[in-house]
Amino acid sequence: MPDPRVLMGVIGRPHGVRGLVRVQAFTARPEDIAAYGPLSDETGERTFRLEIVTPGEMPVVRITGVADRDAAARLTGTRLHVARAVLPPAEGDEFYLADLVGLAALDASGAAVGTVTAVHDHGAGTFLEIVRDGAAAMLLPFTRAAVPVVDIAAGRIVIDPPAEQIVPPSADVGEGAAA
């Protein structure tokens, strides 16, 4: 099995006409994205060497071999990964989100609920996707309230999903009420 990879950033829009791009970095300090050595795309087939030109929240970078705006534009949206082994070990109660994938999800009583298959973050918060046997996948907000225990060493998380809120339709909705 290949070494798992961790998403480090995404190539954004071109900056100027000489092949520079902005990069959305998921590192503690955005300019550190270039310090991890060559990064690869999702397939692992293409590699990219980055050089920070202008540090900042979305640093401007030069990618080796990219010399014009058109080439830079073709890379927009490319997700940049690094091998998990390159990253320093997590300290204390910290962990990498990628380490959650594959963990067993248990309820508070210890009963198996499913397995974490993905971690999603679309800007409004992080969600865990949990696949359950015989039921639809569950999207669970990754908060301390919904996931009170993360035990990477034991290969499990304990979950406390929020109660579903079902709002019954009012009597006049869909009844063709007269205006």
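Residues numbered from 1 in each chain as written. Predicted model: local features only at pLDDT ≥ 70, side-chain atom pairs only at ≥ 80, totals over all residues. Heavy atoms only, no water.

Engineer: Mind showing me how you'd approach the pattern of salt bridges here?
Structural biologist: Should their charged atoms come close, side chains of opposite charge can pair. Evaluation of the coordinates by the stated rule reveals seven salt bridges. Arginine 29 is the salt-bridge partner of aspartate 32, the closest N and O atoms lying 3.2 Å from each other. One salt bridge in this structure joins aspartate 99 and arginine 84, with 3.1 Å as the shortest N-O distance. Of this pair, aspartate 99 sits in the loop between β7 (79–83) and β8 (104–106) while arginine 84 is found in the loop between β7 and β8, placing the two residues 15 residues apart along the sequence. (Salt bridge = Lys/Arg side-chain N within 4 Å of Asp/Glu carboxyl O. Helix = DSSP H or I, 4+ residues; strand = E, 2+ residues; numbered from the N terminus.)

Engineer: Help me understand the nonpolar core, please; the structure alone is not making it clear to me.
Structural biologist: If you look at the biggest cluster of nonpolar residues, it comprises 19 residues, and the most contacted ones within it are Met8, Val21, Ile33, Leu39, Leu50, Ile63 and Leu80. When contributions to this core are tallied by element, the ones reaching two or more residues are β1 (5–15), β2 (20–25), β6 (60–63), α1 (69–74) and β7. In contact with valine 21, not counting residues within four places along its chain, are Ile11, Gly12, Arg13, Pro14, His15, Pro59, Val60, Val61, Ile63 and Ala72. By size, the runner-up hydrophobic cluster in this structure holds 12 residues, among which are Leu103, Ala105, Leu140 and Ile157. (Core = buried A, V, L, I, M, F, W, Y, C linked by side-chain atoms within 4.5 Å. Buried < 20%, exposed > 50% of the residue type's maximum accessible area, 1.4 Å probe, protein only. Contact = heavy atoms within 4.5 Å.)

Engineer: Help me out: how do you make sense of the sheet that holds strand β10 (residues 126–132) in this one?
Structural biologist: Sheet strands pair by backbone hydrogen bonding; their relative direction is either parallel or antiparallel. Read from one edge to the other, the open sheet built from six strands follows the order β11-β10-β9-β8-β13-β12, with strand pairing classed as mixed. This sheet does not close on itself; its edge strands, each paired only once, are β11 (135–141) and β12 (149–151). Along the sheet, successive strands turn relative to each other by an average axial angle of 30°, direction set aside. Sheet analysis places β12 next to strand β13 (residues 156–158), joined by three bridges and oriented antiparallel. Its bridge partner being in β13, valine 150 is matched across the sheet by isoleucine 157. (Pairing = 2+ DSSP bridges. Axes fitted to C-alpha atoms, helices over the stretch in contact; angles between N-to-C directions.)

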